[in-house]
Amino acid sequence: MTTTLRARAEKVDAATPESRNRVVDFLRAAAITVVVLGHWTIVAVDAGGGISPHGVLDTARWTHPLTWVFQVMPIFFLVGGYSNALSWRSARRKQIGYAQWLRARLRRLGIPLLPLLVTWLLISVIALGAGAPTAALQLATQMALVPTWFLAAYLLVIVVAPPLLVLWERFGWWSLIGGIVLAGLVDAVSISLDRPLLGYPNYVLVWATFHQVGFAWLDGRLSGAGRRLALVAIGAVGLALLVGLGPYPVSMITSGADEISNSSPTRVTMAFLGMLQAGLVLLLERPLMAWLARPWPWFVTVLVNQRIMTWFLWHLTALVGLAHLLLALGGPGLGPTPLSGLWWATRPLWALVLLGVTALLVLLFGRFEDPRTDDRHAPPLWQPLLAAVLVCSGLAVMADAGMVGPDGLHWIWPVLPLVGMLAGGVVGLRRSTT
């Protein structure tokens with residue numbers, strides 16, 4: 001077994017082109033690992049009190065500074081900027097148009113989403129038909145679909161990535177500065193009027209702006225320790241001023257203990273957190289490259305990336321499912337009081353059990369990350385744009401409110417992405433024969 005795995009690792013290593021930046025893949029895999037472990041930790045499950053989605057953050061304020069480490073969504077957008085710029089420039093060289101390129105990106109991210117939505121739609125219909133409380137189902141679907149907020153935001157950033165790259169190539173750092181200023185103005189209006197909905201444009205504005213740091217990395221505009229230290233300093237000073245003197249809370253993950261959230265809606269603080277994190281991880285790029293040149297670390301990185309969307313999309317479904325099963329059985333294994341010493345001591349065991357459950361889901365649904373080769377002609381532009389709008393609209397609502405409300409199943413939101421993928425031609429009912 002060991003010999004076979006070693007041979008596979010060496011084969012994967014030998015087949016990797018010299019031009020590939022392995023650090024990009026590693027950061028993506030590392031970030032998903034941190035997100036998964038972070039979600040499994042901040043959710044408190046108590047035999048007497050049930051499930052508390054942000055139980056740790058709501059109760060223990062000392063954990064709030066730790067979110068500057070565990071809120072790693074900026075790293076996804078950093079590597080996304082690098083990858084999207086590389087992909088779009090390759091498409092331009094091959095004379096692949098925007099519509100065809102966008103459809104391919106939507107297929108890569110959207111197809112693994114479909115089984116998750118169908119599964120929870122069926123669970124909701126069956127559970128409601130059996131008389132399950134709507135409040136419990138609302139919380140379950142909302143928690144399970146939390147990962148979809150990132151997917152919605154990232155899909156929107158992909159839609160605007162090609163014009164963003166044009167702005168970057170023409171104006172450089174000024175395009176990033178302009179985006180941060182606009183995001184700050186959106187925050188000022190939203191916070192001063194106490195209207196969180198007015199801050200929702202920053203889901204696109206903040207992440208699209210920070211996404212350009214990935215462009216800078218690809219183009220060598222962040223080469224050298226000096227520039228990367230400067231990025232760290234800008235991020236740290238910006239965060240210190242916004243949190244220390246401004247209205248923003250310390251926690252970079254939503255907490256019921258705070259009046260304002262840095263992540264729901266996304267605030268300009270996330271751009272500065274991203275610069276701080278990006279500068280730090282890029283300072284480690286050279287030693288990481290040397291380490292990833294070894295077959296074993298690179299083999300593990302490749303394995304995680306092959307099923308990264310499935311891991312990400314299903315990890316909270318594993319938690320919700322296991323928690324409800326244990327609660328229905330009377331709470332075996334849920335005895336330690338949340339945040340007690342024994343509770344913290346058992347977190348590694350809790351994570352290992354959830355890892356096993358999630359692994360089973362990955363084995364079952366991971367095949368959706370390997371769609372058939374799409375050899376169809378380029379679609380009309382309206383098709384992938386329509387698909388992106390419908391998918392993002394449905395996901396945005398479900399990530400915030402779930403599929404079920406006090407009045408029952410809100411079927412339109414899970415169906416909307418499914419319709420978008422079909423009507424937008426992302427998933428074809430029949431394949432082209434030409």
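*Asks:* What exactly am I supposed to notice about the environment of Leu354 here?
*Replies:* Turning to its location among the elements, Leu354 is positioned in helix 18 (residues 347–365). When the C-alpha positions of Leu354 and Gly321 are compared, they lie 9.9 Å apart, and in sequence the two are 33 residues distant. Setting aside its immediate chain neighbours within four residues, Leu354 contacts Trp40, Ala318, Leu319 and Leu322.

*Asks:* Can you help me understand helix 7 (residues 113–129) in this one?
*Replies:* Helical geometry: 3.6 residues make up each α-helical turn, so side chains three or four residues apart lie on a common side. End to end, helix 7 covers 25 Å across 17 residues, agreeing with the expected 24 Å (1.5 Å per residue, within 8%). Where helix 7 is concerned, the buried positions are Leu113, Leu114, Pro115, Leu116, Leu117, Trp120, Leu121, Ser124 and Ala127. Note on helix 7: the residue one or two positions beyond its end, Gly131, has a positive phi of about 95°.

*Asks:* What is the right way to look at the environment of Leu283 in this model?
*Replies:* Relative to the helices and strands, Leu283 is located in helix 13 (residues 269–283). With sequence-adjacent residues up to four places away left out, Leu283 is seen in contact with Ala225, Arg228, Leu229 and Val232.

*Asks:* What should I look at first to understand the packing of aromatic side chains in this one?
*Replies:* Given two aromatic rings, their pairing is described by the distance between the two centres and the angle made by the two planes. Counted according to the given criterion, the structure contains 20 aromatic pairs. Between Trp168 and Trp173, the ring centres sit 5.3 Å apart and the planes meet at 90°, which makes this aromatic pair edge-to-face. Looking at Trp168, the relative accessible area reads 1%, which means it is buried. Given the relative accessible area of 27%, Trp173 is considered partly exposed. The rings of Phe76, Phe77, Trp149, Phe150, Tyr154, Tyr200, Tyr203, Trp207 and Phe312 are connected pair by pair, giving a single aromatic cluster. Looking at Arg347, its charged tip hangs above the ring of Trp343, at a distance of 4.1 Å from the centre.

*Asks:* Can you walk me through unusual backbone geometry in this structure?
*Replies:* The general pattern is negative phi for most residues beyond glycine and trans for most peptide bonds. Along the chain, Ser264 connects to Pro265 via a cis peptide bond; the corresponding omega equals 0°. Tracing the backbone through its elements, the reader meets Pro265 in the loop between helix 12 (225–244) and helix 13. Despite not being glycine, Gln95 shows a phi value in the positive range, around 60°. Within the secondary structure, Gln95 is located in the loop between helix 5 (73–93) and helix 6 (98–110). A positive phi angle, near 55°, is found at Asp194, a position not held by glycine.

*Asks:* Sorry, what's going on with the nonpolar core here?
*Replies:* For soluble globular proteins, the rule of thumb is that nonpolar side chains tend to be buried together. With 120 residues, the main nonpolar core has Leu27, Leu78 and Trp217 as its most contacted residues. At 14 residues, the largest contribution of residues to this core is made by helix 9 (residues 148–171). Residues in contact with Trp217, not counting those within four places in the same chain, are Asn21, Val23, Val24, Leu27, Leu78, Val79, Tyr82, Leu222, Arg228, Leu282 and Glu285.

*Asks:* Just checking my understanding: could you explain helix 19 (residues 382–401) for this structure?
*Replies:* An ideal rise of 1.5 Å per residue puts 28 Å on 20 residues; helix 19 measures up with 29 Å between its terminal C-alpha atoms. Within the span of helix 19, buried status applies to Gln383, Pro384, Ala387, Ala388, Leu390, Val391, Cys392, Gly394, Leu395, Met398 and Ala399. The inward-facing, buried residues of helix 19 contact helix 6, helix 7, helix 8 (134–144), helix 9 and helix 20 (412–423). After helix 19 finishes, the residue Gly402 shows a positive phi value of roughly 75°.

*Asks:* Hey, could you run me through the pattern of salt bridges in this one?
*Replies:* The tally for this structure, following the rule as stated, stands at 14 salt bridges. Here Glu169 makes a salt bridge to Arg89, at a shortest N to O gap of 3.1 Å. Linking Glu169 in helix 9 with Arg89 in helix 5, this pair joins segments that are 80 residues apart in sequence. Its relative accessible area of 17% is what places Arg89 among the buried residues.

Cut-off values and rules
- Residues numbered from 1 in each chain as written.
- Predicted model: local features only at pLDDT ≥ 70, side-chain atom pairs only at ≥ 80, totals over all residues.
- Heavy atoms only, no water.
- Helix = DSSP H or I, 4+ residues; strand = E, 2+ residues; numbered from the N terminus.
- Contact = heavy atoms within 4.5 Å.
- Expected span 1.5 Å × (residues − 1).
- Buried < 20%, exposed > 50% of the residue type's maximum accessible area, 1.4 Å probe, protein only.
- Phe/Tyr/Trp six-rings, centres within 6.5 Å; stacked < 30°, edge-to-face > 60°.
- Lys NZ or Arg CZ within 6 Å of the ring centre and 35° of its normal.
- Core = buried A, V, L, I, M, F, W, Y, C linked by side-chain atoms within 4.5 Å.
- Salt bridge = Lys/Arg side-chain N within 4 Å of Asp/Glu carboxyl O.

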